[in-house]
Amino acid sequence: MPTQCDALANAIDGICAARNDGYDVEISRFNTIADFEQALLSLREQDDTFDIVFMDIVFGDSTVDSDTSSASIADHNEADADETGNSETDNTTHHENGIEAVARLFGTRPQDEQNDQDNQDDQDALELPTQVVYVTGHAEYCTKVYDTDHVSFLLKPVGRTELRAALKKAIDRCETYRSNPIRVHMGKMEYVVWPQHIQYMERTARTLLIHYDDGRVLRSYLKLRSLEPMMPNYLIRCHASYMVNLYAVAAFAGTDFVMCDGVRIPISQRRRHKTVLSFERFTRSAR
């Protein structure tokens, strides 16, 4: 029999599959908070994070089911859902609940003590904030969850309509954040970059060139992999060295994009399938 975690993950997968907004959703599931934390820290080491987390609140002593997706989806079974039948907790031991875990993991992002503070131009520590959706059978936590930033509070059993609304709200918040301006350090200056004004970005040697729609070019030591998760879904990575703004594309030539100013941006073989899918979702066909 599928667990509550599996049922939630399958429902989310079905909702995402029905959406046609250009998102490729990857769902991960974790059995314990420790496993989830380890995966999160591994992502942060790669300058990435989960986008959305579906988090339960009350956990059992030894068994926790969770769901996490690229929007990270984390759902954990309650203590009374322990398949071993051991639903009682040790009153002498405090077990971290979901609210406390969210506060610890997402309240403030841990600073990388390994960062070289002298290299202020290397901004590989950029991170997209994670949107949290609480899923629980305990209504008494409806006030306590406001100790942390979250987008929704869902009570089990979760209906498909409520789940769809919570997921849409979380995705919308992700997209709103990605559309906000980014501060880019260069020397003693801080430049403000608005994603919608980027025509394309290219990485050459150790320099990132940000090409604006008005012809300006900003040079930075950022890496594309640091900026990619912060960008709206109309800015796509079509090559290891390029990201393009689909609003600035004049034509698709199969192996490259032709931009509005005539510049041709290559599409790598490895990224071709995902690039074509994003382009087809973004545009409408007229034959």
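This structure is a prediction, so every number in the text was calculated from the model and none was measured. (Residues numbered from 1 in each chain as written. Predicted model: local features only at pLDDT ≥ 70, side-chain atom pairs only at ≥ 80, totals over all residues. Heavy atoms only, no water.)

A. Here's a closer look at the sheet that holds strand 13 (residues 249-252). Ordered by their spatial adjacency, three strands build an open sheet running 13-14-15, and the pairing between neighbours is antiparallel. Taken across any chain shown, the strands that pair with only one partner, and hence form the sheet edges, are strand 13 and strand 15 (264-266). Strand after strand, the sheet turns through a mean of 30° between neighbouring axes, direction not considered. Packing against the sheet, helix 6 (residues 272-282) makes contact with strand 13 and strand 14 (256-259), and its axis sits at approximately 125° to strand 13. (Pairing = 2+ DSSP bridges. Helix = DSSP H or I, 4+ residues; strand = E, 2+ residues; numbered from the N terminus. Axes fitted to C-alpha atoms, helices over the stretch in contact; angles between N-to-C directions. Contact = heavy atoms within 4.5 Å.)

B. Here's a closer look at the pairing of strand 10 (residues 217-220). Of the two faces of strand 10, the one lined by Leu218 and Ser220 is fully buried and the one lined by Val217 and Arg219 carries no buried residue. Strand direction decides the pairing type here: strand 9 (residues 207-212) and strand 10, joined by four bridges, are antiparallel. The residue bridging His211 from the neighbouring strand is Val217, located in strand 10. Between strand 9 and strand 10, which pair antiparallel and follow one another directly, the connecting turn spans four residues, one of which, Gly215, has a positive phi of 95°. (Buried < 20%, exposed > 50% of the residue type's maximum accessible area, 1.4 Å probe, protein only.)

C. Quick peek at unusual backbone geometry. Residue Pro157 is bonded to the preceding Lys156 through a cis peptide linkage, with omega at -5°. Its location among the elements puts Pro157 in the loop between strand 5 (152-155) and helix 4 (160-179). Backbone geometry at Ala205 places phi at a positive 55°, although glycine is not the residue there. Along the chain, the position of Ala205 falls in the loop between strand 8 (198-204) and strand 9. Judged by relative accessible area, which is 80%, Ala205 ranks as exposed.

D. Focus on the sheet that holds strand 12 (residues 242-245). Reading across from one edge, 10-9-8-12-11 is the order of the five strands in this open sheet, with antiparallel pairing throughout. Two strands lie at the open edges of the sheet, namely strand 10 and strand 11 (235-239), each paired on one side alone. Neighbour to neighbour, the strand axes of the sheet diverge by 20° on average, direction disregarded.

E. Molecular detail of the side chain of Glu202. As for its placement among the helices and strands, Glu202 is situated in strand 8. Among buried charged residues, Glu202 stands out as having no salt bridge; its nearest opposite-charge side chain is Arg219, 8.1 Å away. There is a polar contact of 3.4 Å between the side chain of Glu202 and the side chain of Tyr242. In this structure, Glu202 is in contact with Thr207, Leu208, Leu209, His211, Ser241 and Tyr242, ignoring residues within four places of it in sequence. (Lys, Arg positive; Asp, Glu negative; His and termini not counted. Salt bridge = Lys/Arg side-chain N within 4 Å of Asp/Glu carboxyl O. Polar contact = N/O pair within 3.5 Å; in protein donor to acceptor, adjacent residues only side chain to side chain.)

F. Molecular detail of the packing of aromatic side chains. In total, this model carries nine aromatic pairs according to the counting rule given. Seen from their ring centres, Tyr234 and Tyr247 are 5.0 Å apart, and the 70° between their planes marks the pair as edge-to-face. You can see Tyr234 sitting in the loop between helix 5 (224-227) and strand 11 and its partner Tyr247 sitting in the loop between strand 12 and strand 13, a full 13 residues away along the chain. Judged by its relative accessible area of 59%, Tyr247 is exposed. Between the aromatic rings of Phe252 and Phe279, the centroid separation amounts to 5.1 Å while the plane-to-plane angle is 35°, which identifies the pairing as tilted. Placement of Phe252 in strand 13 and of Phe279 in helix 6 is noted, with a sequence separation of 27 residues between them. An aromatic cluster is defined as three or more aromatic residues linked by ring pairs; in this entry it consists of Phe30, Phe36, Phe50 and Phe106. (Phe/Tyr/Trp six-rings, centres within 6.5 Å; stacked < 30°, edge-to-face > 60°.)

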